[in-house]
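For reference, the chains in residue letters:
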There are 2 protein chains.
Amino acid sequence: MKVDLNEAQRLAVGFLVRHGMLDAHAHVVADHLVYASLAGHGFAGLSRLLPIAEYLKKRGPGGTVRTIHETDKSALIDGDNVIGYVTSLMGVDKAIELARTSGVGIVGVNNSWFSGMLRYYVERAADAGFIALHAANSTARVAPYGGIDRLLGTNPIAFAFPAEKHPLVIDLATASMAWGDVIYHQQTGKPLPEERAIDGDGRPTTDPLAALGGAFLPWGGPRGSSLSVIVQALGILAGSDPVIDDAGKWGYFFAVIDPALLLAPEGFKRSITTLRDRIEASRPSDPARPVRVPGSSSRQNIEVGRARGWIEVADEVYDAVR
Amino acid sequence: MKVDLNEAQRLAVGFLVRHGMLDAHAHVVADHLVYASLAGHGFAGLSRLLPIAEYLKKRGPGGTVRTIHETDKSALIDGDNVIGYVTSLMGVDKAIELARTSGVGIVGVNNSWFSGMLRYYVERAADAGFIALHAANSTARVAPYGGIDRLLGTNPIAFAFPAEKHPLVIDLATASMAWGDVIYHQQTGKPLPEERAIDGDGRPTTDPLAALGGAFLPWGGPRGSSLSVIVQALGILAGSDPVIDDAGKWGYFFAVIDPALLLAPEGFKRSITTLRDRIEASRPSDPARPVRVPGSSSRQNIEVGRARGWIEVADEVYDAVR
């Protein structure tokens, strides 16, 4: 059903507060979930409220987020079990603040869970004129290429670059499926697509529960698996466990860089804009499908959706949340 | 044929100096080509001497490498048309030096060409105890996903993380083929594999010359193409052109980070080692093929080859170089 943006926000805040979340945190999470719904990522949108409620029941709302180590260009933040939507926003804002004063901000956040779409955080840095790299590891769900044991998180990585009009934002998952997508399939009783998961004995499965007990496959064969290992290692630098079991520590890594360290920022923005324009003006392989730069459809969905003023929410999610 | 390592080095240096390269630069290049041969990358090894000679004829040996902008944590280096094997080594060494004093080194190198295997540079930083990210763009050879115009370089990206015994080094190409590999197919008169390239009109081709006149396809569909755009943008930050035509400016980007900015370095190295050990001890999908961490076969090839004392060089390459 169609839900007005303000109502969706109110609904989400109310639901989260009823489940024990601080009001200020609930606003941050709700804002992100509406953004994800607008972007067109159903399972990262309002339906994420249900697994969040389960986590809140299991782990509680968390305590006080603290910076435990800091230099003029870096900070390590202990999330004290507060939800990742909140700690990641604090993490990227800290990295932006450090980059403003010293050109670079390197920030790690750990001891936190669920942080949604990575583009939300890096876009914020690029809107402020900075280049951002963000990588997030999480509970081991994915087998490395050639293996059948779950050792890696679903491990997304994102970059953003400032440009004219709007930044170039690229958000990339390294697993063949998102965890939230598997949960969504489980909730709605649908089988997974073929060749995305194996059960505990390494046999192919399309059963969401068997996949959660076994492993998801990495995206992109050996190279995609390599990228997942890179994200895993960056998460370790942010203070995660090396391999994250169900009660383990996740890591969110942020690097925010002022382009002025190397180039005149306006010239850099112009060059990124030129790259984007050249890609979007290039000849498509299918004349009916213009070539798009990565991230542009999410951005466009968000713009169109904000102007429209409502998001689509699955009826069962709406009912459960109300 | 088998060529002794010292002879291979001497042969390469002699060849390069006869083609106008400075003796000091020729030693750097020869060292890298022997390393690449040892790693098992035929087309990045001694056979690369032939296209290097062509480039030297066309572009000359270059002038004086200069740092044109510098801060306490960054440097922009104009390669003045000197070969990339030399300027990238200077780039990563500069980034390491900056990271030693200020925790982070962000370095861009441009106006340079051919830099070989990215792992060579990031491994050097990780051997010194640092985390490294290195991305290199180059002449437009690759069409973005959904397009048929060549706009992106073959755009490799590499990361290295310090660990116990030896670092974790991950080197990833974002094109379905390396340029050197296509040249190698052209030199040896072999067709390209299917579905790797298109001609100037966007039609599939296995003809190396048609691929060089048309475009290589990106690796990994939309996500692989996204990663290539990220590398392109990082190269732009290093001072490259937005889209690099045949006479255009390439960019090499280096970020070197001291793990001590966030964690105790020994603990970080231990965790990366644990991740590696857990992956290599995990159950393989094929019992005959143990799970490997990315980069481990290159590393092992190099170790075994050094102990053995020789590399395999194609007869026609040996004859041409002598």
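Note that the structure is predicted; figures quoted are calculated from it, not measured. (Residues numbered from 1 in each chain as written. Chains lettered and ligands numbered in written order. Predicted model: local features only at pLDDT ≥ 70, side-chain atom pairs only at ≥ 80, totals over all residues. Heavy atoms only, no water.)

**Structural notes on the side chain of Gln-232 of chain A**
- Structurally, the position occupied by Gln-232 of chain A is in helix H8 (residues 221-237).
- For Gln-232 of chain A, a relative accessible area of 0% corresponds to the buried category.
- Leaving out residues up to four positions away in the same chain, Gln-232 of chain A has contacts with Asn-137, Leu-151, Leu-152, Gly-153, Asn-155, Asp-241, Pro-242, Val-243 and Ile-244 of chain A together with Leu-275 of chain B. (Helix = DSSP H or I, 4+ residues; strand = E, 2+ residues; numbered from the N terminus. Buried < 20%, exposed > 50% of the residue type's maximum accessible area, 1.4 Å probe, protein only. Contact = heavy atoms within 4.5 Å.)

**Examining the interface of chain B and chain A**
- Each partner contributes to the interface: chain B provides 68 residues, whereas chain A provides 68 residues.
- Note on chain B versus chain A: buried area summed over both sides is about 5,800 Å², and carbon and sulfur give 75% of it.
- Considering only the surface of chain B that becomes buried against chain A, Arg-223, Leu-262 and Arg-283 of chain B emerge as the three largest contributors, covering 14% of it.
- Taken together, the connections running from chain B to chain A amount to two salt bridges.
- In this structure, Asp-149 of chain B and Arg-283 of chain A form a salt bridge, with 2.7 Å as the shortest nitrogen-oxygen distance.
- Counting across the interface, chain B meets chain A through 16 residue pairs in polar contact (both at pLDDT 80 or more).
- Looking at the side of chain B that touches chain A element by element, the count peaks at eleven residues for helix H8 (residues 221-237) of chain B. (Buried area = accessible area lost by both parts, 1.4 Å probe. Salt bridge = Lys/Arg side-chain N within 4 Å of Asp/Glu carboxyl O. Polar contact = N/O pair within 3.5 Å; in protein donor to acceptor, adjacent residues only side chain to side chain.)

**Section: the sheet that holds strand S6 (residues 157-161) of chain B**
Residues and elements named next belong to chain B.
- One open sheet holds the seven strands; their spatial order is S2-S3-S4-S10-S5-S6-S7, and the pairing between them is mixed. At either margin of the open sheet sits one strand with a lone partner, and together these are strand S2 (66-71) and strand S7 (168-172). Shown here is a sheet whose adjacent strand axes are inclined to one another by a mean of 10°, direction ignored.
- Pairing of strand S4 (residues 104-110) with strand S10 (residues 251-257) involves seven bridges; the strand directions are antiparallel. Following the sheet pairing, Val-104 is matched in S10 by Ile-257. (Pairing = 2+ DSSP bridges. Axes fitted to C-alpha atoms, helices over the stretch in contact; angles between N-to-C directions.)

**Comments concerning the relation of the copies chain B and chain A**
- In screw terms, the move from chain B to chain A is a rotation of 180° and a rise of 0.0 Å along the axis, fitting with an RMSD of 0.0 Å. In the structure described here, the two chain copies are related by an operation that fits a two-fold rotation axis. Considering only C-alpha atoms, the residue of chain B closest to the rotation axis is Gly-220 of chain B, which sits at 3.0 Å.
- The residues that chain B uses at the interface reappear at the interface of chain A in 100% of cases, marking a shared surface. (Least-squares fit on C-alpha atoms with pLDDT ≥ 70 in both.)

**A closer look at the confidence of the model for chain A**
- The predicted model of chain A averages 96 in pLDDT, with 100% of residues at 70 or higher.
- The ipTM assigned to the predicted complex is 0.97, against a pTM of 0.98. (pLDDT = per-residue confidence, 0-100.)

**Section: the environment of Pro-156 of chain B**
All names here are of chain B.
- Take Pro-156: it is sitting in the loop between strand S5 (131-136) and S6.
- Along the primary structure Pro-156 and Leu-227 are separated by 71 residues, whereas in three dimensions their C-alpha atoms are 9.2 Å apart.
- In contact with Pro-156, not counting residues within four places along its chain, are Leu-118, His-134, Ala-135, Ala-136, Leu-172, Ala-173 and Val-231.

**Considering helix H3 (residues 49-59) of chain B**
Residue and element names in this part refer to chain B.
- Among the residues making up H3, those that are buried are Leu-49, Pro-51, Ile-52, Ala-53, Tyr-55 and Leu-56.
- Packing partners of the buried residues in H3 comprise helix H1 (5-18), helix H2 (23-39), helix H4 (84-102), helix H6 (179-187) and helix H11 (315-321).
- Looking at the residues trailing H3, positive phi occurs at Gly-60, about 75°.

**What about a negative patch on the surface?**
All names here are of chain A.
- The grouping of Glu-312, Asp-315, Glu-316 and Asp-319 at the surface amounts to a negative patch.
- The dominant element in the negative patch, judged by the number of residues it contributes, is helix H11 (residues 315-321), at three residues.
- One can find Glu-312 in strand S11 (residues 310-312).
- Here Glu-312 falls in the exposed class, since its relative accessible area comes to 53%. (Patch = residues over 30% accessible without salt bridge, like charges linked within 9 Å, V, L, I, M, F, W, Y side chains within 5 Å. Areas by Shrake-Rupley, 256 points an atom, 1.4 Å probe, with all protein chains shown as cover. Lys, Arg positive; Asp, Glu negative; His and termini not counted. Charge placed at Lys NZ, Arg CZ, Asp CG, Glu CD.)

**Re the sheet that holds strand S6 (residues 157-161) of chain A**
Residues and elements named next belong to chain A.
- The sheet built from seven strands is open, its strands ordered S2-S3-S4-S10-S5-S6-S7 with mixed pairing. Either end of the sheet is taken by a strand with one partner, and the two such strands are strand S2 (66-71) and strand S7 (168-172). For this sheet, the mean angle separating the axes of adjacent strands, direction not counted, is 10°.
- Of the strand pairs in this sheet, strand S3 (residues 74-78) and strand S4 (residues 104-110) are connected by five bridges, and their pairing is parallel. Bridge pairing in S4 links Asp-78 to Asn-110.
- Against the sheet, helix H5 (residues 119-127) contacts strand S5 (131-136), S6, S7 and strand S10 (251-257), and its axis sits at roughly 20° relative to S6.

**Brief notes about the nonpolar core**
- Residues Ile-52, Phe-161 and Phe-253 of chain A together with Ile-52, Ile-83, Phe-161 and Phe-253 of chain B are the most contacted members of the largest nonpolar core, which totals 232 residues.
- When residues of this core are assigned to their parent elements, the largest contribution, ten residues, is made by helix H2 (residues 23-39) of chain A.
- Here Phe-161 of chain B is in contact with Ile-230, Ala-233 and Leu-234 of chain A together with Ala-126, Ile-131, Pro-167, Leu-168, Phe-268 and Ile-272 of chain B, once residues within four sequence places are set aside. (Core = buried A, V, L, I, M, F, W, Y, C linked by side-chain atoms within 4.5 Å.)

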